[in-house]
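Examining the three-dimensional arrangement
Here's the letter readout for the chains.
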Amino acid sequence: MASAAASSCSSISMMFLTHSSAATSSTAHRLLPPGCLRRRRLHCHPLQMGPASLRCLTFPSSAAAPSPPHVVVPHASLSTEVNTKVIDGKAVAKQIRDEITAEVSRMKEAIGVIPGLAVILVGDRKDSATYVRNKKKACESVGINSLEVHLPADSTEEEVLKHISGYNDDPSVHGILVQLPLPSHMNEQHVLNAVRIEKDVDGFNPLNIGRLAMRGREPLFVPCTPKGCIELLHRHGVSIKGKRAVVIGRSNIVGMPAALLLQREDATVTVIHSRTSNPEEITRLADIIISAVGQPNMVRGSWIKPGAVIIDVGINPVEDTNSPRGYRLVGDVCYEEAIEVASAVTPVPGGVGPMTIAMLLQNTLISAKRMHNFE
Ligand SMILES: Nc1nc(=O)c2c([nH]1)NC[C@@H]1CN(c3ccc(C(=O)N[C@@H](CCC(=O)O)C(=O)O)cc3)C=[N+]21
């Protein structure tokens, strides 16, 4: 354990950018010292220091010797879980997929409609291809039809728009997902805006986000990753109302909508980002932290209030010669330190990632039900 912990939070390098990091890469690069300290070392290597406001801090005594963990009462259906500190996203996602499977078959029997999800993939990014394959598998596992088009990296925007338009008009398609990032010669806003709002299962349409931000208004779809974060909190028995929540990162696809959702749940929300001075002074006041910056091991144990709940959205590949893939995935949060201070933490992998896919399936089901007036 100790040696694993030491290697996990020691110096690492990013190999390539993924989802969260791609969305906020400039943020990420500014935000942080390139490496974390070795676990429990009380000082930073001077060469690794970031801007003054972001310097690693010494551990406060409470973090160095954490008080006994606060136990979170788990959701009833997860009460068999041995370690309530680890929020098992994989298990929760499985539970949600089972619920969706039942609903999909109920709908099929009642009205003969099978929900359909269309995915548009442009280019040859390996990680994108993996995500798309996983989405397809997930669709199959719950009985949702999946359609897919894979276009070469040098396709024109018009070709992509043509496929979107075809899916917009196809009554067997209830959800359309354009896999991001798109090749750099394409205008992402332009492409995403072409998706019919009733089929925008990613929830990226500005009208959706606008409704999410307004009291008394309801979006057609809530973006999958932030929705998955909130669902994890609910199903782990974490109450949000009246709590201090801090969201790290302000991307359109995760940080910003996550903050809006937390606010809708009656949390008092602070968003911190690359230009925030002394972010750790703010995170230390938080009962709930959602981190979505794409910076490996940025959030240290010393940033966390004892007993806080930590949702780690980061999925960062770091070099690992011992892994068959040559890399492994780590979060934005230094997990080994967080688990000693927090009352509950999501792991990476196996935390928010599987929930994102489960929420995509859920949004597709919601869309099909809405289009066919099926309750
Ligand atoms: N239009 C669009 N919508 C998206 O939702 C979207 C996207 N584009 N582009 C890429 C990102 C990335 N993303 C992930 C989903 C699941 C995992 C996931 O399940 N990860 C596993 C690990 C997988 C592994 O081991 O490689 C886990 O965290 O346990 C990761 C990443 C959705 N994205």
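Not measured: the values here are computed from a predicted model.

1. Digging into the overall build of the protein chain
Within the protein chain, the regular secondary structure consists of 14 helices and 10 strands. A separation of at least 24 residues holds for 70% of the contacts in the protein chain among residues at least 6 apart in sequence.

2. As for the pairing of strand β1 (residues 116-122)
Counting buried positions over the 7 residues of β1 gives 7, a clear majority of the element. The alternating pattern of β1 places Gly-116, Ala-118, Ile-120 and Val-122 on one face and Leu-117, Val-119 and Leu-121 on the opposite face, and all of these are buried. Sheet topology places β1 next to strand β2 (residues 145-151); 7 bridges connect them, and they run parallel. Paired with Leu-121 across the bridge in β2 is His-150. For the segment spanning β1, helix α6 (residues 126-142) and β2, crossover handedness is right-handed.

3. Here we look at the nonpolar core
Core analysis: the biggest nonpolar cluster contains 87 residues, and Ile-289, Ile-310, Ala-338, Ala-342 and Leu-361 have the highest contact counts within it. The biggest single contributor to this core is helix α14 (residues 352-371), with 10 residues. Residues in contact with Ile-289, not counting those within four places in the same chain, are Val-246, Ile-248, Thr-283, Val-299, Ile-304, Ala-308, Ile-310 and Ile-311.

4. Let's talk about the UniProt feature "domain: Tetrahydrofolate dehydrogenase/cyclohydrolase NAD(P)-binding" (unreviewed entry) in the protein chain
The sites that UniProt annotates as "domain: Tetrahydrofolate dehydrogenase/cyclohydrolase NAD(P)-binding" (unreviewed entry) are residues 223-370. Here residues 223-370 is 36% helix and 19% strand, with 17 Å between the C-alpha atoms at its ends.

5. What about helix α11 (residues 255-264)?
With 8 of its 10 residues buried, α11 lies for the most part within the structure. Every buried residue belonging to α11 is among Gly-255, Met-256, Pro-257, Ala-258, Ala-259, Leu-260, Leu-261 and Leu-262, and all of these are buried. Taken together, the buried residues of α11 touch α9 (206-213), α10 (224-235), β4 (244-248), β5 (268-272) and β6 (288-291). Asp-266 occupies a position one or two residues after α11 and carries a positive phi of about 70°.

6. Considering the sheet that holds strand β10 (residues 344-345)
Whenever strands of a sheet pair, they do so through backbone hydrogen bonds, lying parallel or antiparallel. An order of β5-β4-β6-β7-β10 is seen for the 5 strands of this open sheet, with the pairing classed as parallel. Single-partner strands in this sheet number two, and they are β5 and β10. Here 5 bridges tie β4 to β5, and the two strands are oriented parallel to one another. Counterpart to Ile-248 in the pairing with β5 is Ile-272.

7. A closer look at the pairing of strand β7 (residues 309-312)
Judged by which residues are buried, β7 turns out to be covered on both faces: Val-309 and Ile-311 on one side and Ile-310 and Asp-312 on the other are all buried. The pairing of β6 with β7 spans 4 bridges and is parallel. Along β7, the bridge assignment pairs Ser-291 with Asp-312.

8. Observations concerning helix α5 (residues 89-111)
In a regular helix each residue adds 1.5 Å, so 23 residues correspond to 33 Å; α5 covers 32 Å between its end C-alpha atoms and thus fits that length. When we look at burial in α5, the residues that qualify are Gly-89, Val-92, Ala-93, Ile-96, Ile-100, Val-104 and Met-107. Buried residues along α5 sit in contact with α6, α10 and α14. Directly beyond the C-terminal end of α5, a positive phi value near 70° is found at Gly-112.

9. Quick look at the packing of α5 against α14
The contact between α5 and α14 brings their axes to 8 Å, and the two run at 15°. As far as their axial angle goes, α14 and α5 are roughly parallel. The way α5 lies across α14 gives a crossing that is left-handed. For the pair formed by α5 and α14, the contact residues are Gly-89, Lys-90, Val-92, Ala-93, Ile-96, Arg-97, Ile-100, Glu-103, Val-104 and Met-107 on the first element and Val-352, Gly-353, Pro-354, Met-355, Ile-357, Ala-358, Leu-361, Gln-362, Leu-365, Ala-368 and Lys-369 on the second. In the contact of α5 with α14, the residues fall into 14 nonpolar, 3 polar and 4 charged.

Procedures and definitions
Residues numbered from 1 in each chain as written. Predicted model: local features only at pLDDT ≥ 70, side-chain atom pairs only at ≥ 80, totals over all residues. Helix = DSSP H or I, 4+ residues; strand = E, 2+ residues; numbered from the N terminus. Contact = placed C-beta atoms within 7 Å. Buried ≥ 20, exposed ≤ 12 C-beta atoms within 10 Å, placed from the backbone. Pairing = 2+ DSSP bridges. Right-handed = clockwise from strand over helix to strand, strands pointing away. Core = buried A, V, L, I, M, F, W, Y, C linked by C-beta atoms within 7 Å. UniProt positions renumbered as here; feature names shortened; annotations may be inferred. Expected span 1.5 Å × (residues − 1). Axes fitted to C-alpha atoms, helices over the stretch in contact; angles between N-to-C directions. Parallel < 35°, antiparallel > 145°, perpendicular 65-115°, else oblique. Left-handed = near helix turned anticlockwise from the far one by under 90°. Nonpolar A, V, L, I, M, F, W, Y, C, P; charged D, E, K, R; others polar.

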